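Examining the three-dimensional arrangement
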Amino acid sequence: MDIQTFLAATLSAHVGLTIFVTIHAKFTGRVLGKWPFVTLALGLAGVAGYFFYDESPGV
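Source: prediction; values computed, not measured. (Residues numbered from 1 in each chain as written. Predicted model: local features only at pLDDT ≥ 70, side-chain atom pairs only at ≥ 80, totals over all residues. Heavy atoms only, no water.)

**What to know about the environment of T18**
Our working definition: The way it works is that DSSP assigns letters per residue, a run of H or I at least four long becomes a helix, a run of E at least two long becomes a strand, and they are numbered from the N terminus. Any residue under 20% of the maximum accessible area for its type is buried, any over 50% is exposed, and the rest in between are partly exposed; the area is computed with a 1.4 Å probe on protein chains only. Here a residue-residue contact requires only that any non-hydrogen atoms of the pair lie within 4.5 Å.
With respect to the helices, strands and loops of the structure, T18 is situated in helix α1 (residues 3–28). Residue class for T18 comes out buried when judged on its relative accessible area of 13%. The sequence separation of T18 and V47 amounts to 29 residues, and the corresponding C-alpha distance is 7.9 Å. Aside from chain neighbours lying at most four places away, what touches T18 is P36, T39 and L40.

**Things to note about the packing of aromatic side chains**
Quick reminder of the rule: Under the pairing criterion, centres of Phe, Tyr and Trp rings, with the six-membered ring standing for Trp, must be within 6.5 Å; the plane angle then separates stacked pairs below 30 degrees from edge-to-face pairs above 60, leaving the rest tilted. Here, a charge over a ring is recorded when the distance from Lys NZ or Arg CZ to the ring centre is within 6 Å and its angle to the ring normal is within 35 degrees.
In the structure shown here, the tally under the stated rule is three aromatic pairs. Centroid distance Y50 to F51: 4.9 Å. Interplanar angle 75°. Geometry classified as edge-to-face. Site record: aromatic cluster; members linked through ring pairs are F20, Y50 and F51. In this arrangement the basic side chain of R30 is found over the ring face of Y50, its NZ or CZ atom lying 4.3 Å from the centre.

Treat this as a map of the structure, not an account of what it does.
Quick look at the structure:
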């Protein structure tokens, strides 16, 4: 795979994941916060953060 194809595939995947996170938040009522930007930059790591990051204070 050449570099242009790789970058195009990566960009497409990150944009698609960002759209998924945004739509999911809208339909579930979750607060988006910074997660669309993190997902756009980091891809699956941003999706994982969106689903698993808990901002509630620890006990």
